[in-house]
Amino acid sequence: MTTVEEQLLPSTEPVRLIDQDGVPHDHPSYRLPTKDVLVDGYVELIKGRRINDQAGALVRQGRLAVYPSSHGQEACQVASSMVLRDGDWLFPTYRDTVSIVSRGVDPIETLTLLRGDWHSGYDPYDRKVAPQSTPLATQLTHAVGVAHAARLRGEDTVVMALCGDGATSEGDFHEALNFAAVFHAPVVFFIQNNEYAISVPLARQSVAPSLAHKGIGYGVPGERADGNDLAGLLAVLGHAVAKARAGGGPQLVEAHTYRVQAHTNADDAARYRPDDEVAPWLERDPIKRLETYLEQEELLDDAVRARAEKAAREVAEKLRDGLMPEPDVDPADLFAHLYSEQTPQLTEQAEFLRDELAREEA
Amino acid sequence: MTTVEEQLLPSTEPVRLIDQDGVPHDHPSYRLPTKDVLVDGYVELIKGRRINDQAGALVRQGRLAVYPSSHGQEACQVASSMVLRDGDWLFPTYRDTVSIVSRGVDPIETLTLLRGDWHSGYDPYDRKVAPQSTPLATQLTHAVGVAHAARLRGEDTVVMALCGDGATSEGDFHEALNFAAVFHAPVVFFIQNNEYAISVPLARQSVAPSLAHKGIGYGVPGERADGNDLAGLLAVLGHAVAKARAGGGPQLVEAHTYRVQAHTNADDAARYRPDDEVAPWLERDPIKRLETYLEQEELLDDAVRARAEKAAREVAEKLRDGLMPEPDVDPADLFAHLYSEQTPQLTEQAEFLRDELAREEA
Amino acid sequence: MTHVKISMAQALNQALRDAMKSDETVLMFGEDVGALGGVFRITDGLTAEFGEDRCFDTPLAESGIVGMAVGLAMNGMRPVVEMQFDAFGYPAFEQIVSHVAKMRNRTRGRVGLPMVIRMPYAGGIGGVEHHCDSSESYYAHTPGLTVVAPATVADAYTLLRKAIEFPDPVVFMEPKKLYWAKEEVDLTEDQPGIGTAVVRREGADATLIAYGPTVPVALEAAEVAAAEGRQLTVVDLRSIVPFDDETVCAAVRRTGRAVVVAEASGFASVSSEIVARVTERCFHSLAAPIRRVTGFDIPYPPPKLEKYQLPGVDRIVDAVDDLQWEDS
Amino acid sequence: MTHVKISMAQALNQALRDAMKSDETVLMFGEDVGALGGVFRITDGLTAEFGEDRCFDTPLAESGIVGMAVGLAMNGMRPVVEMQFDAFGYPAFEQIVSHVAKMRNRTRGRVGLPMVIRMPYAGGIGGVEHHCDSSESYYAHTPGLTVVAPATVADAYTLLRKAIEFPDPVVFMEPKKLYWAKEEVDLTEDQPGIGTAVVRREGADATLIAYGPTVPVALEAAEVAAAEGRQLTVVDLRSIVPFDDETVCAAVRRTGRAVVVAEASGFASVSSEIVARVTERCFHSLAAPIRRVTGFDIPYPPPKLEKYQLPGVDRIVDAVDDLQWEDS
Ligand SMILES: Cc1ncc(C[n+]2csc(CCOP(=O)(O)OP(=O)(O)O)c2C)c(N)n1
Ligand SMILES: Cc1ncc(C[n+]2csc(CCOP(=O)(O)OP(=O)(O)O)c2C)c(N)n1
Ligand SMILES: [Mg+2]
Ligand SMILES: [Mg+2]
């Protein structure tokens, strides 16, 4: 085997810096993040878990239409936004609420899509977060375009593009990786391999040695990490972002994690997987292991715990207060945003609806 | 690196059993085909080159609408059909006329598409050759379906699916390889990498170490061969077909060859590549090297030469006689074949046209 | 056979089950159609009953699903595939338009493709974006496809059975919001086939032309109109391609007035076609131009706003009121 | 400025050149648009003049091309992409329908996509299958897209310039068979913008409504009809979405009769829409139903048969003759 292959193929084992018992391990290529970063990350994890819990509760109360939870994947969520700078871009999916909020987007605006009063609730330019993409893998080529535009202007922007294991099967995944490689675009493709695409387990999605092995087929370096180890993820993703920023072209990272809950609240996971498959993954919880590690290192004092709890409480309150069951909606919005200048046809249709509603009210 | 990677990655150098000077070389994994096979292959090569030459002439005479020549790629063409059994299937593109004729399809029927009197001229079930596909890579998923159907019935069919280097960039290439891998379908994906997709050179198509390196991303073994060495191609493709037939799942083979002529007669290659790029490839001509080898081995006697010349002459005559500038066409055909039972709408439209033509004639 | 009370989802499931029982070349596949039974449970229990070779999950790639179906259909099988939601059929658009629709024609009838593409379609279920599209016009505009849309439980069963038996590819539009509505039906009762529209209600004053999810709304509107003194005919198209000109035009000629009711955006759509072709054929029977009640020309709205987009009873009755009754 | 005699292909090339000169965020990319200058030479010389960053070849993947354009447009660029032939736009269908058309609406106008998708379209050039599709109806039916089709050299220049300056995505349909027709034009002369139809010929007896490749045929048919004593108005739509109801309806009201002429298959198409909306609006001015002369509902035929599919002068004149002149 040549050097090219060694450069592009992922390491044999997923990178793990802190194991599930909270024990740190040395790694030949990656170093443990600083204590401050790990403590900040811990706070974000606690906040992220709370977002998942609170959103679940809001669904049960009918205040969200649907919620695809990232419970158990919070380390991926938090790491994917923590490694970015302000000028970077994040391209999330429907499952990446926690990543988006971690990046600083207003939580209510983040959940607009899932509440159902509009499609995308936040201004993508504010925190440089693209609208959450529902059609799988389609956002990945957009990420390449955004990165390429920045590069043409000489900016050192990096784009973090998220997708799931299932989405790697779509043709758009392939085209995005190839375009990024050929144009040497600074995109970090980050696959959260949570073992399921709704009901379909990874084994029916791909029989490749790993999803990170797809990189070499595009000339893109692939790497894999334990998706429940925030430290390892920060190291691997941080490294990938740095390489991309330094002109190293696109990078592919696969995180091995697990979708602890059903696909969404509307899904019934009991139909396709036994509970005892889930149990060991609860042992690998991303929060627990970091907590254990921080405790052992005596980094988890009351102040940190209080800070985490406060952040979590505040975001939960925001969600509870902001997600009214019946948000104000304006039917005129239906016609207002398709074009910079409304077409005569849409003006006519908007008037039709306005008249109809006026008649109904009268 | 683990064994999995060794199993799935292609060899470092393309497999070559006879070099461009006609000198045979030993290979650790592949053996030279038998003399009979090489002689038969030689005859097919001569015939194939003549098809390309004759079709080119017919285009200049206005008797074909367009012709994408496989001049220089005849070894790939011939090998891809020679390694198949009668019950196997071939999925060709617009450039694979020679492969189709080698498989035994009538040459006139093969060129119907390019003459322009109908879309596909042959019965795909006759010699088990799918219609030539123009939309790139789209035929590859069909190949998976045909292979899977055979496998469900317990048949030992293998499907040979052809595409070009450019077509590997399409999403359908990705989906086909992944489906084939997951369903363990007996498909040999054979990429004729002729260095160009119309005007776009390989370097702008992919920056992967090779196209055969794409296999591992699906768990499919990739292999590469000198695309101008019929002996090597027969060995590599023969091995891939045998593995697929024996239940080894899909195989990916890349042939390194070169499109000696323009994309089609309508294309002007001078706009995008210098002539001196072409020259060395003429030295690597697939016919010349096999001829030299056979001569050295004293396998190329007058009888063989006569057989080759006869086969070539006959196919050229067939083309000249069969490809009339103005074939008989029947406008009723336009409506007759969309549905097993013509819809009332099409019957109405067919009648409209019939009346119109009757009026014109009157 | 006695009547049973079942939902459209159950009837579709039964149709698949019966088709798979009677013909072992029928295969059902797509995303989550195996163990899960499909996100709408249309394929519930099929893998358990027929095994993983007959009903199975694929990797997540719609173009691959349809392309593989083309190959299976070429080689002796009768594949039925599910696009999880009809907007997720768009990645397969090239396969559908360039191959599914054209294979038979391309090969002069030598390679027919007996396959069905099932599309849970249209809105009214509070789905977020991309989950409530009405894409039938794209397929209806594509020569070579057959496009059907059941509106009743009995038709869901019959039309799916007939679609699976059909020698050519059928795009089968399943109105999502009708999945759970139950009816008392005898599934063994023969219904008209593909290509035939049915008059669901007779009335002399005007004709409502509907298909799929708008048929029940049209029937309800006809009730309301009747209470207000106008008798409406309601035609359920059932089959968009082929189109049943005879039944539709006969109704319009009888009534002299018509309203087309469809959920899809109106511009360059199936509803435009209905207006155009019926006007071409029945011009001198028309007392007023044919009106359309369709979705607006906007992306399907988010859940909290979808009620404004859906053709409702009032909007239909208003359109009927608008048919220039004074002038006639 | 003096008039120059140039072809539509040259005018399009000039429009790209001028747009790239005046705005450095304009990028042109696609398959073979670099060194080769595109298979129709529309991008000839642009890479040489503006460099590889501004006009470049991509890997061969249409969904990737459109998806990348979406990202570039999100981030300050004005991408213009070429689909090599319009049937090869189908692999990008999901990107076009689910993102290009919806991005602005999805984000309440925060993310506009100033981008142009150029589609060499329609037939009449002896192309083999997949090279002569008319796919405008798919795009016209998709809310959020703007769809234009020039029919003259001057419009090719103007409309492409305006499309590139347009703040929203434009699907730009270029009639392939008109690429090489030369006209004497002054490119600096201002033409009407997107959304405006133009009356190309006035005549009191009937109106021909055409766009793109059928405009010259309609004009020729009007010549023939005039020789036979019928004076026809010819409306060139130019813009399919938005649709210029005013100009079209005014012409139809003046003439009382109309024929829509389009190359695409008629079923559920732009031509259906024209018939439907004009009939809705002008019913009482119509002396006869609006007729359609369109492609048949079949896949585009092979070269040797395409003449039967294309709306020709005779077929148009026949349709005009059919407009119930006796009854009126
Ligand atoms: C193109 C497309 N096809 C189908 C769907 C329906 N769908 C939504 S999520 C999902 C599974 C995705 O799995 P994965 O990519 O692993 O992400 P995860 O949900 O596990 O985070 C499917 C099939 C879709 N959204 N888009
Ligand atoms: C989906 C699609 N996009 C574009 C084209 C136009 N086209 C025809 S051949 C070709 C180049 C193909 O290159 P490659 O796959 O390397 O095959 P080769 O022609 O070299 O044999 C292109 C772009 C097409 N046929 N299909
Ligand atoms: Mg997943
Ligand atoms: Mg090539």
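In this text, all values refer to a predicted model and were calculated from it rather than measured experimentally.

*Asks:* Please clarify how helix 9 (residues 245-255) of chain C should be interpreted in this entry.
*Replies:* Each full turn of the α-helix corresponds to 3.6 residues, which orients residues three or four apart in the same direction. Buried within helix 9 of chain C are the following residues: Asp245, Val248, Cys249, Ala251, Val252 and Thr255 of chain C. Along the long axis of helix 9 of chain C, the arc covered by the buried residues comes to 160 degrees, so they all point the same way. Those residues of helix 9 of chain C that are buried lie in contact with helix 14 (344-361) of chain B together with strand 10 (206-210), strand 11 (232-236), strand 13 (258-265) and helix 10 (270-282) of chain C. Note on helix 9 of chain C: the residue one or two positions beyond its end, Gly256 of chain C, has a positive phi of about 75 degrees.

*Asks:* Could you clarify how one ought to interpret the domain arrangement of chain A in this entry?
*Replies:* In many reports, interface size means the accessible area that the parts give up when they come together. Taken domain by domain, chain A holds domain 1 (4-329) and domain 2 (330-362). Of note, the centres of domain 1 of chain A and domain 2 of chain A, computed from C-alpha atoms alone, are 39 Å apart.

*Asks:* Explanation requested: the coordination of the magnesium ion (ligand 3) in the structure shown.
*Replies:* All names here are of chain A. Here the magnesium ion (ligand 3) is held by the protein donor atoms Asp165 (OD), Asn194 (OD1) and Tyr196 (O), which lie 2.0 Å from it. One chain supplies every donor to the magnesium ion (ligand 3), and in sequence these donors are spaced D-x28-N-x1-Y. Exposure remark for Asn194: the relative accessible area of 4% places this residue in the buried category. Look at Tyr196 and you get buried, because its relative accessible area is 6%.

*Asks:* Could you clarify how one ought to interpret the coordination of the magnesium ion (ligand 4) in this entry?
*Replies:* Each donor-metal-donor angle would ideally measure 109.5 degrees in four-coordinate tetrahedral geometry, or 90 or 180 degrees in six-coordinate octahedral geometry. Residue and element names in this part refer to chain B. Note on the magnesium ion (ligand 4): its protein donors are Asp165 (OD), Asn194 (OD1) and Tyr196 (O). The metal-donor distances range over 2.0 to 2.1 Å. If you list the donors of the magnesium ion (ligand 4) from N- to C-terminus, the spacing comes out as D-x28-N-x1-Y. Here the residue Asp165 occupies a position in the loop between strand 2 (159-164) and helix 8 (171-182), and Tyr196 occupies one in strand 4 (residues 196-197), the gap between them amounting to 31 residues.

*Asks:* Can you walk me through the environment of Leu319 of chain B in this structure?
*Replies:* Residues and elements named next belong to chain B. Topologically, Leu319 is positioned in helix 12 (residues 302-322). For Leu319, a relative accessible area of 1% puts it in the buried group. For Leu319 and Asp106, which are 213 residues apart along the polypeptide, the C-alpha to C-alpha distance reads 9.7 Å. Every residue in contact with Leu319, bar those within four places of it in the chain, is listed here: Ile51, Gln54, Leu58, Arg63, Pro107, Ile108 and Leu111.

*Asks:* Is there a simple way to think about the relation of the copies chain C and chain D in this case?
*Replies:* Note: a rotation about an axis with an accompanying shift along it relates these two copies of the chain. Structural alignment of chain C on chain D gives an RMSD of 0.0 Å, achieved by rotating through 180 degrees and translating 0.0 Å along the axis. As the rotation angle and translation indicate, the two copies are arranged about a two-fold axis. Of the interface residues in chain C, 100% have counterparts in chain D that sit at the interface too, so the contact is made through matching surfaces.

*Asks:* Can you help me understand the packing of helix 7 (residues 171-183) of chain A against helix 8 of chain B in this one?
*Replies:* When two helices pack together, their arrangement is captured by the angle between the axes and the distance separating the axes. Two elements in contact, helix 7 of chain A and helix 8 of chain B, have axes whose closest approach is 7 Å; the angle formed by their N-to-C orientations is 120 degrees. With respect to their mutual orientation, helix 7 of chain A and helix 8 of chain B come out oblique. When you trace helix 7 of chain A past helix 8 of chain B, the crossing you get is right-handed. On the side of helix 7 of chain A, the interface is formed by Gly171, Phe173, His174 and Glu175 of chain A, while helix 8 of chain B contributes Gly171, Phe173, His174 and Glu175 of chain B. Looking at the contact of helix 7 of chain A with helix 8 of chain B residue by residue, the class counts come to 2 nonpolar, 4 polar and 2 charged.

*Asks:* Looking at this model, I keep getting lost on the sheet that holds strand 7 (residues 170-175) of chain C. Mind explaining?
*Replies:* Where strands meet in a sheet, backbone hydrogen bonds hold them as pairs that are either parallel or antiparallel. Residues and elements named next belong to chain C. One open sheet accounts for 7 strands, arranged 3-2-4-5-7-6-12; its pairing is mixed. Looking at strand neighbours, the two that pair on one side only are strand 3 (55-57) and strand 12 (239-241), the edges of this open sheet. Strand after strand, the sheet turns through a mean of 20 degrees between neighbouring axes, direction not considered. Sheet topology note: the strand 4 (residues 78-82)/strand 5 (residues 116-121) ladder contains 3 bridges and is parallel. Within strand 5, the position partnered with Glu82 by the bridge is Arg118.

*Asks:* Looking at this structure, how should I read the packing of aromatic side chains?
*Replies:* What the rule picks out here adds up to 45 aromatic pairs over all chains. Centre to centre, the rings of Tyr90 of chain C and Phe93 of chain D are 5.7 Å apart; their planes meet at 80 degrees, and the pair counts as edge-to-face. Of the two residues, Tyr90 of chain C is situated in the loop between strand 4 and helix 4 (93-100) and Phe93 of chain D in helix 4 (residues 93-100); the pairing between them involves two chains. Each member of the pair, Tyr90 of chain C as well as Phe93 of chain D, is classed as buried. Seen from their ring centres, Phe93 of chain C and Tyr138 of chain C are 6.1 Å apart, and the 80 degrees between their planes marks the pair as edge-to-face. One end of the pair, Phe93 of chain C, is in helix 4; the other, Tyr138 of chain C, is in helix 6 (residues 136-140), with 45 residues separating them in the sequence. As far as burial versus exposure is concerned, Phe93 of chain C and Tyr138 of chain C are alike and both buried. Here the guanidinium or amino end of Arg230 of chain D rests over the ring plane of Trp325 of chain D, the centre of that ring lying 4.1 Å away.

*Asks:* Help me understand the interface of chain C and chain D, please; the structure alone is not making it clear to me.
*Replies:* Contacts between the two partners involve 48 residues from chain C, matched on the other side by 48 residues from chain D. The contact between chain C and chain D buries some 4,300 Å² in all, and 64% of this surface belongs to carbon and sulfur atoms. The largest share of the area that chain C buries against chain D comes from Tyr138, His141 and Phe267 of chain C, three residues that together contribute 18% of it. Counting every contact that joins chain C to chain D gives 8 salt bridges. We note a salt bridge from Lys102 of chain D to Asp133 of chain C, for which the minimum N-O separation is 4.0 Å.

*Asks:* Can you help me understand the pattern of salt bridges in this one?
*Replies:* Side chains that differ in charge, positive against negative, can pair when their charged atoms come close. The full count for this structure, using the stated rule, is 94 salt bridges over all chains. With its nearest N and O atoms 2.8 Å apart, the salt bridge here joins Asp285 of chain A to Arg49 of chain A. One end of the pair, Asp285 of chain A, is in the loop between helix 10 (275-283) and helix 11 (286-296); the other, Arg49 of chain A, is in helix 2 (residues 35-60), with 236 residues separating them in the sequence. For the pair shown, Asp285 of chain A and Arg49 of chain A are each scored as buried. For Arg104 of chain D, the salt bridge identified is with Asp168 of chain D, shortest N-O distance 3.4 Å.

*Asks:* What should I look at first to understand the site of ligand 2 in this one?
*Replies:* Surrounding ligand 2, one finds 21 residues, the nearest of these being Arg95, Asp165, Gly166 and Tyr196 of chain B together with Glu62 of chain D. Mapping the residues near ligand 2 onto chains gives chains B, C and D. Contacts to ligand 2 include Arg95 of chain B, whose side-chain N or O atom sits 2.6 Å from an oxygen atom. In this structure, Thr134 of chain B approaches ligand 2 through a main-chain N or O atom, which is 2.9 Å from a nitrogen atom. Protein chains bury 96% of the 590 Å² of accessible surface belonging to ligand 2 in isolation. A per-class count over the shell around ligand 2 returns 9 nonpolar, 6 polar and 6 charged.

*Asks:* In this structure, what is going on with the interface of chain D and chain B? I would like to understand it.
*Replies:* Contacts between the two partners involve 34 residues from chain D and, on the opposite side, 42 residues from chain B. With both chains or domains summed, chain D and chain B bury close to 3,300 Å², and 61% of this area falls on carbon and sulfur atoms. Here chain D is connected to chain B by 5 salt bridges. With a shortest N-O distance of 2.6 Å, Arg204 of chain B and Glu52 of chain D are connected by a salt bridge. The interface formed by chain D and chain B includes 9 residue pairs in polar contact (both at pLDDT 80 or more). Residues belonging to the side of chain D that touches chain B are distributed by class as follows: 18 nonpolar, 4 polar and 12 charged.

Conventions used here
- Residues numbered from 1 in each chain as written.
- Chains lettered and ligands numbered in written order.
- Predicted model: local features only at pLDDT ≥ 70, side-chain atom pairs only at ≥ 80, totals over all residues.
- Heavy atoms only, no water.
- Buried < 20%, exposed > 50% of the residue type's maximum accessible area, 1.4 Å probe, protein only.
- Helix = DSSP H or I, 4+ residues; strand = E, 2+ residues; numbered from the N terminus.
- Arc of directions from axis to C-beta.
- Contact = heavy atoms within 4.5 Å.
- Domains from an automatic or database assignment.
- Donors = N, O, S within 2.8 Å, 3.2 Å for Na, K, Ca; no water.
- Least-squares fit on C-alpha atoms with pLDDT ≥ 70 in both.
- Axes fitted to C-alpha atoms, helices over the stretch in contact; angles between N-to-C directions.
- Parallel < 35°, antiparallel > 145°, perpendicular 65-115°, else oblique.
- Left-handed = near helix turned anticlockwise from the far one by under 90°.
- Nonpolar A, V, L, I, M, F, W, Y, C, P; charged D, E, K, R; others polar.
- Pairing = 2+ DSSP bridges.
- Phe/Tyr/Trp six-rings, centres within 6.5 Å; stacked < 30°, edge-to-face > 60°.
- Lys NZ or Arg CZ within 6 Å of the ring centre and 35° of its normal.
- Buried area = accessible area lost by both parts, 1.4 Å probe.
- Salt bridge = Lys/Arg side-chain N within 4 Å of Asp/Glu carboxyl O.
- Near = heavy atom within 4 Å.
- Polar contact = N/O pair within 3.5 Å; in protein donor to acceptor, adjacent residues only side chain to side chain.
- Areas by Shrake-Rupley, 256 points an atom, 1.4 Å probe, with all protein chains shown as cover.

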